[in-house]
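Fold and contact review
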Amino acid sequence: MDPRRALPSVDRLLKAEGAAPLLAAFGHEALVEALREVLAEVRAKVQQGEPVPSEAAMLERAATRLARWHTPRPRPVINATGVILHTNLGRAPLSSAALEAIRAASAYSDLEFDLEAGERGERQAAVEELLRRLTGAEAALVVNNNAAAVLLALTTLARGRGVLISRGQLIEIGGGFRIPEVMAQSGARLIEVGTTNRTHLRDYEEPLVRGEDIALILRAHHSNFRMIGFVSEVPLMDLVALGERYGIPVMDDLGSGALLDTAAFGLAHEPMVQESVAAGAAVVCFSGDKLLGGPQAGIMVGKREFLARMRRHPLMRALRPDKLTLAGLSATLIHYLKGEATREIPVWRMIATSPLELEARAREWSARLRADGIPVEVRPTLSTVGGGSLPGETLPSVALVLRPPDPEALMATLRRTHPPIIARVQDDAVWFDVRTVLPDQEADFLQGIRQAWRSALIR
Ligand SMILES: *Cc1c(COP(=O)(O)O)cnc(C)c1O
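Residues numbered from 1 in each chain as written. Predicted model: local features only at pLDDT ≥ 70, side-chain atom pairs only at ≥ 80, totals over all residues. Heavy atoms only, no water.

With respect to the helices and strands, the residue Ser397 is situated in strand E13 (residues 395-402). Taking relative accessible area as the criterion, Ser397 reaches 4% and is therefore assigned buried. Engagement of the side chain of Ser397 in a polar contact is seen with the side chain of Asp433, the distance being 2.7 Å. Discounting chain neighbours no more than four positions away, the residues touching Ser397 are Leu358, Arg379, Pro380, Thr381, Leu382, Ser383, Asp433 and Arg435. (Helix = DSSP H or I, 4+ residues; strand = E, 2+ residues; numbered from the N terminus. Buried < 20%, exposed > 50% of the residue type's maximum accessible area, 1.4 Å probe, protein only. Polar contact = N/O pair within 3.5 Å; in protein donor to acceptor, adjacent residues only side chain to side chain. Contact = heavy atoms within 4.5 Å.)

Burial of E13 is extensive: seven of the eight residues sit out of reach of the surface. Here strand E12 (residues 377-386) pairs with E13 via seven bridges, running antiparallel. What sits directly across from Ser383, in E13, is Leu395. With four bridges joining them, E13 and strand E16 (residues 429-433) adopt antiparallel strand pairing. By the bridge assignment for E16, Val401 is matched with Trp431. (Pairing = 2+ DSSP bridges.)

Right, let's talk about the site of the ligand for a bit. Ala147, Ser223, Asp253, Ser287 and Lys290 are the nearest of the 13 residues found near the ligand. In the environment of the ligand, a nitrogen atom lies 2.7 Å from a nitrogen or oxygen atom belonging to the side chain of Asp253. For the shell around the ligand, the secondary-structure elements that each account for two or more residues are helix H7 (146-158) and strand E9 (250-255). Its residues placed into classes, the shell around the ligand shows four nonpolar, six polar and three charged. (Near = heavy atom within 4 Å. Nonpolar A, V, L, I, M, F, W, Y, C, P; charged D, E, K, R; others polar.)

On to the domain arrangement of the protein chain, then. One can read the domain layout of the protein chain as domain 1 (3-69), domain 2 (78-87 + 348-458) and domain 3 (96-344). A straight line from the C-alpha centre of domain 1 to that of domain 2 covers 37 Å. (Domains from an automatic or database assignment.)

Our focus in this paragraph is the pairing of strand E10 (residues 283-287). With respect to burial, E10 is a largely interior element, five of its five residues being buried. Where the polypeptide runs from E9 across helix H11 (residues 273-278) and back to E10, its parallel neighbour, the crossover connection is right-handed. Bridge count for E10 against strand E11 (residues 298-302) is five bridges, and the pairing is antiparallel. In the sheet register, Val284 faces E11, and the bridge partner there is Val301. (Right-handed = clockwise from strand over helix to strand, strands pointing away.)

Those residues of helix H12 (residues 304-312) lying buried are Phe306, Leu307, Ala308 and Met310. Buried residues along H12 sit against strand E5 (139-143), H7, E10, E11 and helix H13 (314-319).

Structure, rendered in structure tokens:
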């Protein structure tokens, strides 16, 4: 007999014992939909020779599906990878003040209303003022993300005209962002200068001397790779001086855009926004959710005349940020203004945490886990900043280490705890870097490890 004939009908499963609580929780329509999908999946598997699962097992799968449909995404996870700005895990975690500002702005707000004048106001006025104060720039403009900032800037300032960029900076930063492709989208014409490893000022000057139609000189941060050896690039200041001689603005795509000096924390110096502004760049752009430590956004600061043109461009309406982003970004920027960034902004707090503090945290957690019979070790490790900044740079950190028989199986179990825990496998062991576990996740983190370890032993 065809084993598929042994499959129950949706009706039969609806009448099964385990169906009642699902009906009560999710309703008839959703349960029927879930059961149909499960049966289709089972039918395909059975066709490939797998046995028919029990009715209880099929209802269980429907329950998992229903629970998933009713869970808002993205879901919170615990980041024990030691990568502070983990792109797959949502980059920067927000400060409590940013979160509170977002919650408050989610109701009615003065988004585009001037309370003093009692009339329509400018939606970015407040955030622009903060950005001007913090960076020393004349003007600022916020869009959806930094890719949008680069697109808007190239479209507005260079559509149909030439843009000079060093061959060493024709970068891809992942997630489909490649400078030459964004350039093509904007309608600007890419004019590559120099070589992959070395570009000199005279390389930039040559097309200018030739009299080519050039609208912009672009500098792009390498972000996620490092060039070493026989290399040279032209400092921003020299590009600005060259641009001034020919009446051409310089744009600096900083990528991460730090407002604090990473060198103060034992890292290499990541280019700072204030430095690019001081060097005279017409437009400096960077992300809101990398080293700035705020919500996803593309931030542009620079000279008034160029930002004004972008603000008026029709694309701006399509790329503008929403009220929640503006609220979260303002609150994040206020931390810098108050000089409390390393205390309040999670990204900077994690960067600033000393190995000694991390050691103490790891010792305390390991003592608690050991008290429950979990043979966890405390080992030195290295965290990274991530998010396309400081490639190859590390921060000395401390990890909890577990050595289960099957590390990948434990990793999979950890991904199923609530909230899921993301760790890393190294030398056949599972490593939890304590630096990136957020303070309010401590209890869930330890509980998740206990649960996962027990189920690893049972199997
Ligand atoms: C990250 C990055 C971008 C893209 O920024 P998003 O905010 O992710 O859109 C653009 N340019 C550089 C140099 C980057 O590092």
